[in-house]
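Structure at a glance
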Amino acid sequence: MPLNLFGIAFGLAGLAGTWTASSAAGLVPGFVGDALWWAVLVVWLTLLGRYLVKASPADLRHPVLGPFAALVPTTGLLMGGRLAGTWLTGGRVVIAVMLVLATVFAGWFVAHLLSGGLDVDTLHAGYLLPTVAASLVGAQSAALAGWHAVAVGAFGVGILFWFLIGALLLGRLALRPALPGPLLPTMAIFSAPPAVAGNAWYAINGGTLDTIDLLLLGTMVPLLLVQLFLTPNYLRQPFAHGFWALTFTIAASGTYTIHWLTGEHATAWRPLSWLVLTVVTVLIGLIAVKSSLLALRKQSQHRAAVPV
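Presented here is an overview of the structure given in this document.

So, how was this worked out
Along each chain, residues carry numbers from 1 onward, in the same order as the chain's sequence is written. Reporting in this predicted model follows two pLDDT cut-offs: at least 70 for local features of residues, and 80 or more for side-chain atom pairs to be given and counted; totals over whole chains, interfaces and linings ignore these cut-offs and use all residues. As a convention, hydrogens and water are excluded, and side-chain values are obtained from all of the structure's heavy atoms. In this analysis a 1.4 Å probe is tested at points of a 1 Å grid over the protein atoms alone, and where it fits but cannot get out there is a cavity; an open set with protein on both sides within 12 Å along at least five of seven lines is a pocket; lining residues have an atom within 4 Å of a point. Grid points are joined across faces, edges and corners, and a volume is the space filled by probe spheres set on the points. Segments assigned H or I by DSSP are reported as helices when at least four residues long, segments assigned E as strands when at least two residues long, and all are numbered from the N terminus. Residue polarity follows a fixed list, in which Ala, Val, Leu, Ile, Met, Phe, Trp, Tyr, Cys and Pro are nonpolar, Asp, Glu, Lys and Arg are charged, and the others, Gly among them, are polar. Classification of residues uses two cut-offs on accessible area relative to the type maximum, computed with a 1.4 Å probe and protein chains only: under 20% is buried, over 50% is exposed, and between them is partly exposed. Two N or O atoms count as a polar contact when they lie within 3.5 Å, although within protein this holds only if one can serve as hydrogen donor and the other as acceptor, and sequence-adjacent residues are included solely when both atoms are side-chain atoms. Any carboxyl oxygen of Asp or Glu within 4 Å of a side-chain nitrogen of Lys or Arg constitutes a salt bridge here. Nine residue types can take part in a nonpolar core, namely buried Ala, Val, Leu, Ile, Met, Phe, Trp, Tyr and Cys, and a core is a set of them joined through side-chain atoms within 4.5 Å. Residues are treated as being in contact if the distance between any of their heavy atoms lies within 4.5 Å.

**Considerations on the layout of surface pockets**
Each pocket or cavity is described by its volume, and for the largest pocket that value is around 830 Å³. With 9 residues, the top contributor of residues to the lining of the largest pocket is helix α8 (residues 211-235). Among the residues forming the lining of the largest pocket, the class breakdown is 19 nonpolar, 7 polar and 1 charged. If you add up the space inside the second largest pocket, you get close to 610 Å³. Elements with a minimum of two residues in the lining of the second largest pocket: α1 (7-24), α3 (71-84), α5 (129-144), α7 (193-204) and α9 (247-264).

This is how it looks when you write it as structure tokens:
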């Protein structure tokens, strides 16, 4: 099982987070978000169990798929953060375990990069996952667990590697040949850090908006415009499970936008927030439906190929 399939659980966790944020703002009932979190747990455990059957340490060193291993503890961090809201002790245990796993993997991953020998053309925006995404999500979850110092430290790590690896990726994407079609959806991850950092800082700052949030919001807008202009490129690609790489960027950006709309009580903030939630849900729902149909089609083809 390719490691990038863990993007399914990660994207669903992002969607669950958007519904949870909307519920906290009094926009929607909470049971939808709760149901989505249960779905995340089931999908995460199913994928993890399926992967561990034939897991190999060599998978982590794969130049294309290796970085997606970070999605295992990062999704676990998101679930731990949600659990901390209803059962603080249990949430803290999950967050602590997943934070250790994410940190160890990030340290190994950076050491692997520094060892050299990598082909620059294998780089893609998924390289932001082990350090940037894991650290920023870890910061958000640590804040929800009440560990302010840990949260601020993790936030700093995420911002540092966003600058370092982000610059490296921009050079590769701009100056080297275009990514192969199956990897094109990973370009959405390039625009995720401002929203992920914004949601983390929102949690660290106790649910209030400040100058840091203004900086992150200002950064998020042009990076989302980049994705808008890349949309025709995505639509020209045959659908594959790799399109789940789009989903967490969509969800995190929607969640951060809802935080802003509700926090500032902007004009028509309720209908605008409902619109954002609808757009996020429809886009991720379409990917989920197409992914399910693709899986069913592959299963039917496999059965047809097996001799009776």
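So much for the structure itself; the text now carries on.
**Quick word on empty space enclosed by the protein**
Enumeration over the complete set of coordinates arrives at 1 cavity of 30 Å³ or more. A volume near 50 Å³ is recorded for the largest cavity. Along the walls of the largest cavity sit Leu60, Arg61, His62, Pro63, Gly66, Pro67, Phe109, His112, Leu113, Leu118 and Tyr127, which together make up its complete lining. Here the lining of the largest cavity is built from residues that sort into 7 nonpolar, 3 polar and 1 charged.

**Brief notes about the environment of Thr262**
Residue position: Thr262 is located in helix α9. Using a relative accessible area of 12% as the deciding quantity, one classes Thr262 as buried. Placed 194 residues apart in sequence, Thr262 and Phe68 show a C-alpha to C-alpha distance of 33 Å. There is a polar contact of 3.3 Å between the side chain of Thr262 and the backbone oxygen of His259.

**Looking at the pattern of salt bridges**
Scanning the entire structure with this criterion turns up 2 salt bridges. Arg82 is paired through a salt bridge with Asp34; the nearest N and O atoms lie 2.8 Å apart. Note that Arg82 is positioned in helix α3 and Asp34 in helix α2 (residues 30-53), a separation of 48 residues in sequence. Overall, the relative accessible area of 32% leaves Asp34 in the partly exposed class. Linking Arg176 and Asp121 is a salt bridge whose minimum nitrogen-to-oxygen distance equals 2.8 Å. Note that Arg176 is positioned in the loop between α6 (148-175) and α7 and Asp121 in the loop between α4 (88-114) and α5, a separation of 55 residues in sequence. You can call Arg176 partly exposed: its relative accessible area is 40%. Using a relative accessible area of 27% as the deciding quantity, one classes Asp121 as partly exposed.

**Examining the nonpolar core**
Soluble globular proteins tend to bury their nonpolar side chains together. Within the largest apolar cluster, 96 residues are counted, with the highest numbers of intra-cluster contacts made by Phe6, Phe155 and Tyr234. Ranked by residue count, the leading element in this core is α5, at 9 residues. Residues contacting Phe6, with those up to four places away along its chain left out, are Met1, Trp44, Leu47, Leu48, Tyr51, Leu71, Val72 and Thr75.

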